[in-house]
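Summary of structural features
Single-letter residue listing:
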Amino acid sequence: MVFDDIANFTDEEIQMILNETDRKHWEVGLKGGSKELQDRIFGVVGEEEAPAMKKGMDYSGPTKMSKVEYVQITIVQKVLQLEQDGKLEIPREKDPFV
């Protein structure tokens, strides 16, 4: 699983992930995220919070890619922990050879 895979979760699962992680981390992590993931996150957080998150992304200025990747890994680790705890299931492609 990689950070952009979060776009494949349902809105409810994304909301759970957001609730379990720091919003400031999202402002950093989304700088290196796909447009699809950004759109999904901004859609889930809603019309009130999305502009604040976008502003946070813009006003924080340039961010080292190492920091972006670190934050993304932190969020992915939380998703993996949620799966391990039985709170969500990570969507996986079926193996065509099975």
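Overview of the structure.

What counts, and at which threshold
- Residues numbered from 1 in each chain as written.
- Predicted model: local features only at pLDDT ≥ 70, side-chain atom pairs only at ≥ 80, totals over all residues.
- Heavy atoms only, no water.
- Core = buried A, V, L, I, M, F, W, Y, C linked by side-chain atoms within 4.5 Å.
- Buried < 20%, exposed > 50% of the residue type's maximum accessible area, 1.4 Å probe, protein only.
- Contact = heavy atoms within 4.5 Å.
- Helix = DSSP H or I, 4+ residues; strand = E, 2+ residues; numbered from the N terminus.
- Salt bridge = Lys/Arg side-chain N within 4 Å of Asp/Glu carboxyl O.
- Phe/Tyr/Trp six-rings, centres within 6.5 Å; stacked < 30°, edge-to-face > 60°.
- Expected span 1.5 Å × (residues − 1).

In terms of nonpolar packing, the biggest core is built from 26 residues, with Phe3, Ile6, Phe9, Ile17, Trp26, Leu30 and Ile41 touching the most fellow members. The residues contacting Trp26, other than those within four sequence positions of it, are Phe3, Ile6, Ile17, Leu18, Thr21, Ile41, Met53 and Ile75.

Moving on to the environment of Ile14. For Ile14, the location among the structural elements is in helix H1 (residues 11-19). With relative accessibility at 0%, the residue Ile14 sits in the buried group. Separated by 24 residues in sequence, Ile14 and Gln38 place their C-alpha atoms 12 Å apart. When residues no more than four places from it in sequence are discounted, the contact partners of Ile14 are Ile6, Phe9, Arg40, Ile41 and Val44.

Under the counting rule described, the total for this entry stands at five salt bridges. Across the salt bridge formed by Asp11 and Arg40, the nearest N and O atoms sit 2.6 Å from each other. Separated by 29 residues along the polypeptide, Asp11 in helix H1 and Arg40 in helix H3 (residues 35-59) bring together distant segments of the chain. Its relative accessible area of 39% is what places Asp11 among the partly exposed residues.

Let's shift gears to the packing of aromatic side chains. As enumerated under the stated definition, the model contains one aromatic pair in all. A centroid spacing of 5.6 Å and a plane angle of 35° characterise the contact between Phe3 and Trp26, whose relative ring orientation is tilted. Note that Phe3 is positioned in the segment before H1 and Trp26 in helix H2 (residues 23-29), a separation of 23 residues in sequence. Among the residues examined, Trp26 registers a relative accessible area of 0% and is labelled buried.

On to H3, then. For H3, which comprises 25 residues, the first-to-last C-alpha distance of 19 Å sits more than 12% below the rise-based estimate of 36 Å (1.5 Å per residue). What H3 keeps buried is the set Leu37, Gln38, Ile41, Phe42, Val44, Val45, Ala50, Met53, Gly56 and Met57. Gly61 sits one or two positions beyond H3 and adopts a positive phi of about 70°.

That is the geometry; function is a separate question.
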